[in-house]
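Each chain, letter by letter, is given below.
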Amino acid sequence: MRKKLALLMSTRIRSVDVKELAIGTGLVLLSFLMPLLFNVDNFQVLRSLHRALSEGEKTDLMVSAIQLVALNSVRGIPHYVGAYFIGESVDIHVGKRSAWFINSLIIILILQVTYWGIEAVHHIHYDFGLPAILVCTFVLLFRRLNYQYIALYKKSLLIILFLTSFQFLDIMPALRGLPVGRGESSWDIKQAAAVLEGETVLNVLALVGAVLFLLFGLLILFQLRDENTLRELSMLREQNHAIRIQAQLNEMKNRTYQEMQYLVHDLKSPLTAVQTLVGVIKMECEVEQRTRDVEYLTRIEGAVEQMSGMISDILYEDQHTLMSTQSLLGVALAQSSVTDYALSVHVDNQAPEALISANRILFPRALVNLMQNSAQAIPKDREPEIWLRVVRREREDGSEVIFTVSDNGTGIEEETRQEIWDKGVSGRKSSGLGLAFVRNVVEKMDGTICVKSTAGVGAAISIVVPEGGARR
């Protein structure tokens, strides 16, 4: 009892394919309209049957049987395919294993409820006989195979083939003792076959039709199995390739970090010596009361200390310092002052005294990256206009500062806005690392990034960071 309860408690829905669920639901709802759209009248089943009886023609009997098979297949497609899609759209796990049997129960329940619903609405009894049981069994087995890399239309085609194959059993007089062909039209066709002495012909027709569609369905099933296997292997190769690339990047990053440590040590050693010598000379100047020399040495000491701190910030990405937006913008604008687009940059800082916790080397570089991207997005025949704006905004959990870089360029297409932050994604034949670097810097500041863009008009990228440090 405890084990069953533990299994029940560990049952959970890991994911839901909304698209597949919506398609499946739509198909099931469509099945309630099928009796109105397709019936024995517009498929001319009875007309062919009456002509066969009046003229004693077995050909018309066969035509009537084929028309009935087509009618039953067409009307059955929406609820069988729809039930399969709904059952497959929900990824249910019991513990660490996929609970395919629960998905199967969902499919059976949907089919049965659909049968009851159609009978209640249209007063048409859909016989849940041997063909329906066989189709349902195939759908469940197909769900068990879990061909997750196969397109939905291919899965639909396979279900339709097996559905049509089993529908031929309804018109086979040889199966009269089994729960087959108990519908009114099926019964009429088999009765007419007995009158016309055409039972053998009807049996052969039904057998050939069932076998042909079944073989065709099995052929497609084997092809889908191979395709799914190949796609799965391809996916695994891509994942392994991505893992190898990431491992190489990590190794390169570790080596770079180690080299940077050596470089920082080599750079700081002479700076430390300079600081020591400046300190000694400064003490002598203070003793001799050389005020102007003391002032100069104090400035040198501050500059050396600032340089030492900047070197540390380059090495330690997580090292943040409280700095005003005015100071950060000053660094960013100084770095971009030598570029071609420098004169096109306009600044509107409405919160110059606001303090944020940032890496004083990397965050200005992030702003420079955004300005550079804006400059590259502006067509050559358009007067460039780049704005760097800063505002403060109050929130319930504390105030935040928003840095926005906007331009009058070509804009960012909506379908690519989520991809631009990934490494290697670039629309201008660059390395695609710039925006990934920006996102990494902002995330380390507990910040967020949002994009607004209008095609052909321009884009605006906003960096939102908490004022004073981490959010309270």
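The sections below set out a description of the structure shown in this document. Computed from a predicted model, the values in this text were never measured in an experiment.

Thoughts on the packing of aromatic side chains
Item 1. The full count for this structure, using the stated rule, is six aromatic pairs.
Item 2. Ring geometry for Phe-162 and Phe-166: centres 6.2 Å apart, planes at 45°, overall tilted. Taken together, the residues span about one helical turn, with Phe-162 and Phe-166 both in helix 8 (residues 152-167) at a distance of four residues.
Item 3. Assessed through its relative accessible area of 4%, Phe-162 is described here as buried.

Here we look at the nonpolar core
Item 1. In terms of nonpolar packing, the biggest core is built from 35 residues, with Ile-356, Phe-363, Leu-367, Met-371, Phe-403 and Ile-463 touching the most fellow members.
Item 2. Of all elements in the fold, only helix 12 (325-336), strand 6 (355-358), helix 13 (362-377), strand 7 (386-393), strand 8 (400-407), helix 14 (434-444) and strand 10 (458-466) reach the threshold of two or more residues within this core.
Item 3. A per-element tally of this core places helix 13 first, with seven residues.
Item 4. If near-sequence neighbours (up to four positions away) are discounted, Met-371 is found in contact with Ala-332, Ser-336, Tyr-341, Val-345, Ile-386, Leu-388 and Val-405.

Observations regarding the side chain of Ser-185
Item 1. Inspection of the secondary structure assignment puts Ser-185 in helix 9 (residues 184-195).
Item 2. Once residues lying within four places of it in the same chain are set aside, the contact partners of Ser-185 are Val-40 and Leu-68.

Here we look at the environment of Phe-216
Item 1. With respect to the helices, strands and loops of the structure, Phe-216 is situated in helix 10 (residues 199-287).
Item 2. Taking the C-alpha atoms as reference points, Phe-216 and Ser-165, separated by 51 residues in sequence, lie 9.4 Å from one another.

Looking at helix 4 (residues 45-55)
Item 1. Regarding helix 4, the residues found buried are Val-45, Ser-48, Leu-49 and Ala-52. In an axial view of helix 4, the angular spread of the buried residues amounts to 100°, which keeps them on one side of the axis. In helix 4, those exposed residues whose orientation departs by more than 90 degrees from the buried face are Arg-47, His-50, Ser-54 and Glu-55.
Item 2. Lining the buried residues of helix 4 we find helix 5 (58-89) and helix 9.
Item 3. Gly-56 sits one or two positions beyond helix 4 and adopts a positive phi of about 65°.

Some words on unusual backbone geometry
Item 1. The backbone of Gln-289 shows a phi angle near 60°, a positive value even though the residue is not glycine.
Item 2. Take Gln-289: it is sitting in the loop between helix 10 and helix 11 (291-315).
Item 3. With phi around 60°, Asp-446 is a residue other than glycine that occupies positive phi space.
Item 4. For Asp-446, the position within the fold is in the loop between helix 14 and strand 9 (448-454).

Conventions we followed
- Residues numbered from 1 in each chain as written.
- Predicted model: local features only at pLDDT ≥ 70, side-chain atom pairs only at ≥ 80, totals over all residues.
- Heavy atoms only, no water.
- Phe/Tyr/Trp six-rings, centres within 6.5 Å; stacked < 30°, edge-to-face > 60°.
- Helix = DSSP H or I, 4+ residues; strand = E, 2+ residues; numbered from the N terminus.
- Buried < 20%, exposed > 50% of the residue type's maximum accessible area, 1.4 Å probe, protein only.
- Core = buried A, V, L, I, M, F, W, Y, C linked by side-chain atoms within 4.5 Å.
- Contact = heavy atoms within 4.5 Å.
- Arc of directions from axis to C-beta.

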